Amino acid sequence: MVTSTGTEPTAARAAGARAASAAPERYTLAQARRIALAAQGLHRPRAGRTVTMRQVQQVVDRIGLLQIDSVNVLARAHQVPLFSRLGPYDTALLDRAAGRAPRRLVESWAHVASYVPPETYRLLEWRRREDRERFGGHLVEGVPLRDSPVLEEVRTVVAERGPVTSQQVHALFAERFPRPTGAWGWNWTVAKSALEYLFFAGDVAVSGRNAAFERLYDVPARVLPRPVADLPAPDGEEAVRALVEISARAHGIGTLGCLADYFRLRTAPTRRAVAELVDAGVLVPVRVDGWREAYRHVEATTPRRATGRALLSPFDPLVFERRRLEELFGLRYRIEIYVPAAQRRWGYYVLPFLMDEAVEALVDLKADRASGRLVVQAAHRTPGARDRAAGRGTRVPDDDEVAAALVDELVLVGRWAGVPEVVLGTDGIGGDLAVALARRLAHGR
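Residues numbered from 1 in each chain as written. Predicted model: local features only at pLDDT ≥ 70, side-chain atom pairs only at ≥ 80, totals over all residues. Heavy atoms only, no water.

1. Observations regarding the sheet that holds strand S14 (residues 358-368)
Each strand in a sheet pairs with another by means of backbone hydrogen bonds, the pair being arranged parallel or else antiparallel.
So, step 1. Pairing within the open sheet is mixed, and its 5 strands lie in the order S12-S13-S14-S15-S16. In the strand order of this sheet, the two ends are held by strand S12 (309-311) and strand S16 (421-424), each with one partner. The average undirected angle you get between the axes of adjacent strands in this sheet is 30°.
So, step 2. By the bridge criterion, 4 bridges tie strand S15 (residues 373-381) to S16 in an arrangement that is parallel. The partner of Leu 374 across the bridge, within S16, is Val 422. (Pairing = 2+ DSSP bridges. Helix = DSSP H or I, 4+ residues; strand = E, 2+ residues; numbered from the N terminus. Axes fitted to C-alpha atoms, helices over the stretch in contact; angles between N-to-C directions.)

See below:
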């Protein structure tokens, strides 16, 4: 839930205010990594218990948002971060949280398209106000979206018939506005364009997704929990300050750029919010080796060790800001779905494998649901992992150790995703971890 930034300081915030006025705290990169992992709930082994809605809510409260993406090579993008932190769980919990009243999650443009708590949805109202004016693309007959007379018709359809999909709304307009043909890419119908504009602007909301993962549009009053819907929207500065605090809590420690990126905030208002949160004792200015400036959330902890293991979605909050990932873990990583096959370095859908406090491997996976198999298409050790670990004076796990830990994780995620048989790609797999991984799989782990 959204954390108050009111004037009643907690003991931690009072301590933070004192720390902010003292000499800056200093952290090594290793300490910053452990702070970041702890903030994301990835610093220790999973509890191994049956996952309930309470545990799902705890993760959401901790990380603040779940990025949505249509890619479903392994599992939906918003589902995997919960698995990474909780282990196998029933994805119906997420469906219920986002699709049944009173909702614990609602869709909004946050980092990008994301699930956020309803309270955070209210904090993003200033962005929806801006989007009403910012989106000026044409809907029909050269009329800008925000001025099109079709919008009022679509609003009425949603109010009277919601929740509805864009396909259902298009059926009502198909005779007047046939579906475009002959173009490639985002070839939206008039109904889809109108609904998406109204969604960006906050005039309609998303009440859930159907089995085909299509949005179900409805009026906000029927989507948001009543106590939240009845709240007045905060002004822009107050909202940005609260969003930066959520970001800081999720990061544990981060630069100004990190704190801004989580909700895609502009630099200037983020800087003002950071200054106010420092004055309030919520953020503590710190120094991290190699960083220009950094801030620690006052309640962030620094574990002595990090011992978690997890496969991470490319859209996981720990890794979706690639510059932060490179600064913290020394890993230059890009998703290569849209890169021609011959030019890919790691593979089509590559998940980083977190082992203790390092990203030790990159593995290209595909769920073959028809055969019930989890196909490993490539497996690489993270470039430079041995050299970086040796430079820190820490022990470096060898390929067999990494492969053993990775196989355990692959078996776990395969069972959860409904593809329990872990196999190598039919043409063999690429990568410098391939031999060790094949050996582990051949000997039954």
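Let us keep going from here.
2. Quick notes on unusual backbone geometry
So, step 1. Residue Ala 101 is joined to Pro 102 through a cis peptide bond whose omega torsion reads -10°.
So, step 2. Structurally, Pro 102 can be placed in the loop between helix H5 (92-99) and strand S3 (106-109).
So, step 3. A cis geometry characterises the amide bond from Gly 162 onward to Pro 163, with omega recorded as 5°.
So, step 4. By secondary structure assignment, the location of Pro 163 is in the loop between helix H8 (150-161) and helix H9 (166-173).
So, step 5. Phi angles above zero are rare outside glycine, and Arg 264 is one such case at about 50°.

3. Structural notes on the pairing of S15
So, step 1. Counting buried positions along S15 gives 7 out of 9 residues, so the element sits mostly inside the fold.
So, step 2. Connecting S14 to the next strand, S15, in antiparallel fashion are 4 residues, including Gly 372 with a positive phi near 70°. (Buried < 20%, exposed > 50% of the residue type's maximum accessible area, 1.4 Å probe, protein only.)

4. With respect to the side chain of Arg 122
So, step 1. Residue position: Arg 122 is located in helix H6 (residues 118-123).
So, step 2. Lacking a salt bridge, the buried Arg 122 has Glu 125 as its closest oppositely charged neighbour, with an N-O distance of 4.8 Å.
So, step 3. Polar contacts involving the side chain of Arg 122 include one to the main-chain carbonyl oxygen of Leu 231, which spans 2.5 Å.
So, step 4. Excluding its chain neighbours within four sequence positions, the residues that come into contact with Arg 122 are Arg 128, Leu 224, Val 228, Ala 229, Leu 231, Pro 232, Ala 233 and Pro 234. (Lys, Arg positive; Asp, Glu negative; His and termini not counted. Salt bridge = Lys/Arg side-chain N within 4 Å of Asp/Glu carboxyl O. Polar contact = N/O pair within 3.5 Å; in protein donor to acceptor, adjacent residues only side chain to side chain. Contact = heavy atoms within 4.5 Å.)

5. A look at the side chain of Ser 108
So, step 1. Looking at the secondary structure, you find Ser 108 in strand S3.
So, step 2. Classification of Ser 108 by relative accessible area gives buried; the value is 5%.
So, step 3. With residues up to four places along the chain from it excluded, the contact list for Ser 108 reads Ala 113, Ser 114, Val 116, Tyr 121, Leu 124, Arg 128 and Phe 199.

6. Description of the nonpolar core
So, step 1. Counting residues in hydrophobic clusters, the biggest one holds 90 residues, and the most contacted among them are Leu 74, Leu 311, Leu 365, Leu 410 and Leu 437.
So, step 2. Per-element accounting of this core gives the leading share, 10 residues, to helix H18 (residues 399-417).
So, step 3. With near-sequence residues (within four places) excluded, Leu 365 lies in contact with Val 73, Leu 74, Leu 311, Tyr 349, Leu 351, Leu 374, Val 375, Val 376, Gln 377 and Leu 410.
So, step 4. Counting 28 residues, the second-largest nonpolar core is a separate cluster that includes Val 288, Leu 318, Leu 325 and Phe 329. (Core = buried A, V, L, I, M, F, W, Y, C linked by side-chain atoms within 4.5 Å.)

7. Observations regarding the confidence of the model for the protein chain
So, step 1. In this model, the protein chain carries a mean pLDDT of 90, and residues with pLDDT of at least 70 account for 91%.
So, step 2. Low confidence marks residues 1-8, where pLDDT is under 50. Its contacts with residues over four positions away, or in another chain, come to 17 contacts. (pLDDT = per-residue confidence, 0-100.)

8. Focus on the environment of Leu 312
So, step 1. The residue Leu 312 is located in the loop between S12 and helix H16 (322-329) in this model.
So, step 2. Sequence spacing of Leu 312 and Phe 353 is 41 residues, and the spatial spacing of their C-alpha atoms is 6.3 Å.
So, step 3. Filtering out sequence-adjacent residues up to four positions away, Leu 312 remains in contact with Leu 42, Ser 84, Leu 318, Val 319, Leu 351, Pro 352 and Leu 354.

9. Things to note about the environment of Ala 275
So, step 1. Mapped onto the elements of the fold, Ala 275 is located in helix H15 (residues 267-279).
So, step 2. Overall, the relative accessible area of 40% leaves Ala 275 in the partly exposed class.
So, step 3. When the C-alpha positions of Ala 275 and Asp 364 are compared, they lie 42 Å apart, and in sequence the two are 89 residues distant.

10. A short note on H8
So, step 1. An ideal rise of 1.5 Å per residue puts 16 Å on 12 residues; H8 measures up with 16 Å between its terminal C-alpha atoms.
So, step 2. Buried within H8 are the following residues: Val 150, Leu 151, Val 154, Val 157 and Val 158. Taken down its axis, H8 places every buried residue within 120° of arc, on the same side.
So, step 3. Its buried side turned inward, H8 meets strand S5 (138-140), H9, helix H10 (190-201), strand S8 (215-218) and helix H11 (220-223). (Expected span 1.5 Å × (residues − 1). Arc of directions from axis to C-beta.)

11. Concerning the packing of H18 against helix H19 (residues 434-442)
So, step 1. Close contact between H18 and H19 brings their axes to 9 Å; oriented N to C, the two are set at 55°. Taken as axis vectors, H18 and H19 run oblique relative to one another. Handedness of the crossing formed by H18 with H19: right-handed. Here H18 contributes Asp 399, Asp 400, Ala 403, Ala 404, Leu 406, Val 407 and Leu 410 to the contact with H19, which in turn contributes Ala 436, Leu 437, Arg 439, Arg 440 and Leu 441.
So, step 2. Partitioned by chemical class, the residues of the contact of H18 with H19 number 8 nonpolar, no polar and 4 charged. (Parallel < 35°, antiparallel > 145°, perpendicular 65-115°, else oblique. Left-handed = near helix turned anticlockwise from the far one by under 90°. Nonpolar A, V, L, I, M, F, W, Y, C, P; charged D, E, K, R; others polar.)

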